[in-house]
Amino acid sequence: MSARFRSTAATFPTGVTVLTTVADNEPHGMTVNSFASISIDPLLVLVSVNSSSRTYERIARSGRFAVTVLSDGQEETARWFANSSRPGGAEGFAGVSWKPAPHSRSPVLLDGISYFDCELDQAHVAGDHTMLIGAVRAYDVLSDRPPLLFVRSRFTELRK
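The rules behind these values
- Residues numbered from 1 in each chain as written.
- Predicted model: local features only at pLDDT ≥ 70, side-chain atom pairs only at ≥ 80, totals over all residues.
- Heavy atoms only, no water.
- Helix = DSSP H or I, 4+ residues; strand = E, 2+ residues; numbered from the N terminus.
- Rg over C-alpha atoms; globule rule 2.2 N^0.38 Å.
- Buried < 20%, exposed > 50% of the residue type's maximum accessible area, 1.4 Å probe, protein only.
- Contact = heavy atoms within 4.5 Å.
- Areas by Shrake-Rupley, 256 points an atom, 1.4 Å probe, with all protein chains shown as cover.
- Lys, Arg positive; Asp, Glu negative; His and termini not counted.
- Charge placed at Lys NZ, Arg CZ, Asp CG, Glu CD.
- Salt bridge = Lys/Arg side-chain N within 4 Å of Asp/Glu carboxyl O.
- Pairing = 2+ DSSP bridges.

A.B. asks: So what exactly am I meant to see when it comes to the overall build of the chain here?
C.D. replies: Scanning the chain from N- to C-terminus turns up three helices and 12 strands. On C-alpha atoms alone, the chain measures out to a radius of gyration of 15 Å, which is about the 15 Å that the 2.2 N^0.38 rule sets for 160 residues. Projected onto its principal axes, the C-alpha positions of the chain cover 40 × 40 × 35 Å. Looking at the chain as a whole, 41% of its 160 residues are labelled buried. Sequence-distant contacts in the chain: of pairs separated by 6 or more residues, those separated by 24 or more amount to 65%. Accessible surface for the chain amounts to roughly 9,000 Å². Of this, 51% is attributable to carbon and sulfur atoms. One finds the centroid of the 16 positive side-chain charges in the chain at a distance of 6 Å from the centroid of its 16 negative side-chain charges.

Structure follows, in structure tokens:
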């Protein structure tokens, strides 16, 4: 049943993001494709993460996070941050260009196309995931490149 549900849900294309935080003075991050803006007044975004993930635990502790929307040239970055055997902390960001977000100090990946710097506003458990609602404290467009997309369990690019 879950395999059929997964393949059905995979028909809906999503953007690809990297969710980051800083906990214990170390950067942490993971690839996430369940991201949405949910409110303009106040500025709120939503990210859904597996409740047992290391990054979720660190966001729950720090109360802050950033989301970088990836560009069509960042499939390797998306795969890297999706790899659960990737080293944690600063080692996991080796070779990745990033800067601290202005509010949360969470990593913003410089090759991305935009970012949202957030304070954790709410967290709601839903099955095996937790929906994190972030109050956006800073945001910007980093590039005019097309976004990286994910559909049918594959990365793809926006076609015109």
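A.B. asks: Looking at this structure, how should I read the environment of Leu142?
C.D. replies: Assignment of secondary structure puts Leu142 in the loop between strand S10 (129-141) and strand S11 (148-151). Spatially, the C-alpha atom of Leu142 lies 19 Å from that of Thr14, the residues being 128 residues apart in sequence. The contacts of Leu142, once residues within four sequence positions are left out, are Val108, Leu109, Gly112, Ile113, Ser114 and Tyr115.

A.B. asks: Just checking my understanding: could you explain the pattern of salt bridges for this structure?
C.D. replies: Oppositely charged side chains can form a pair if their charged atoms are brought close together. The tally for this structure, following the rule as stated, stands at four salt bridges. Measuring nitrogen to oxygen at the nearest pair gives 2.7 Å for the salt bridge that ties Asp24 to Arg61. With Asp24 in the loop between strand S2 (17-23) and strand S3 (26-32) and Arg61 in helix H2 (residues 54-62), the pair connects residues that are 37 residues apart, well separated along the chain. Like Asp24, the residue Arg61 is exposed in the burial classification. Across the salt bridge formed by Glu119 and Arg137, the nearest N and O atoms sit 3.5 Å from each other. Here Glu119 is found in strand S9 (residues 114-126), whereas its partner Arg137 is found in strand S10, with 18 residues between them in sequence. Looking at Glu119, the relative accessible area reads 29%, which means it is partly exposed.

A.B. asks: What am I meant to see in the pairing of S2 here?
C.D. replies: On any regular strand, side chains alternate: one points to one face of the sheet, the next to the other face. With six of seven residues buried, S2 lies mostly within the body of the structure. Both S2 and S3 contribute to a ladder of seven bridges, which runs antiparallel. Bridge assignment links Thr21 to a residue of S3, and that residue is His28. Once S2 ends, the chain turns through two residues before running back antiparallel as S3, passing Asp24 with a positive phi of about 55°. Two strands pair when backbone bridges link them, and S2 and strand S6 (residues 64-69) are joined in this way by four bridges, in the antiparallel orientation. Each bridged residue has a counterpart across the sheet, and for Val18 the counterpart in S6 is Thr68.

A.B. asks: What is the right way to look at the sheet that holds strand S1 (residues 14-15) in this model?
C.D. replies: Two pairing modes exist for strands in a sheet, parallel and antiparallel, and in both the strands are linked by backbone hydrogen bonds. Reading across the sheet, the three strands line up as S1-S11-S12 and stay open at both edges, with antiparallel pairing between neighbours. Two strands close off the open sheet at either side, each with one partner strand: S1 and strand S12 (154-157). As paired elements, S1 and S11 share two bridges and run antiparallel to each other. Bridge pairing in S11 places Gly15 opposite Leu149.

A.B. asks: What is the right way to look at unusual backbone geometry in this model?
C.D. replies: Excluding glycine, residues mostly carry a negative phi; peptide bonds, for their part, are mostly trans. At the junction of Asp41 and Pro42, the peptide bond is cis and its omega measures out at 5° in the coordinates. Inspection of the secondary structure assignment puts Pro42 in the loop between strand S4 (35-39) and strand S5 (44-50). With phi around 60°, Asn25 is a residue other than glycine that occupies positive phi space. Here Asn25 shows up in the loop between S2 and S3.

A.B. asks: Help me understand the environment of Phe65 in this model?
C.D. replies: Tracing the backbone shows Phe65 in strand S6. A C-alpha to C-alpha distance of 9.7 Å links Phe65 and Thr55, two positions 10 residues apart in sequence.

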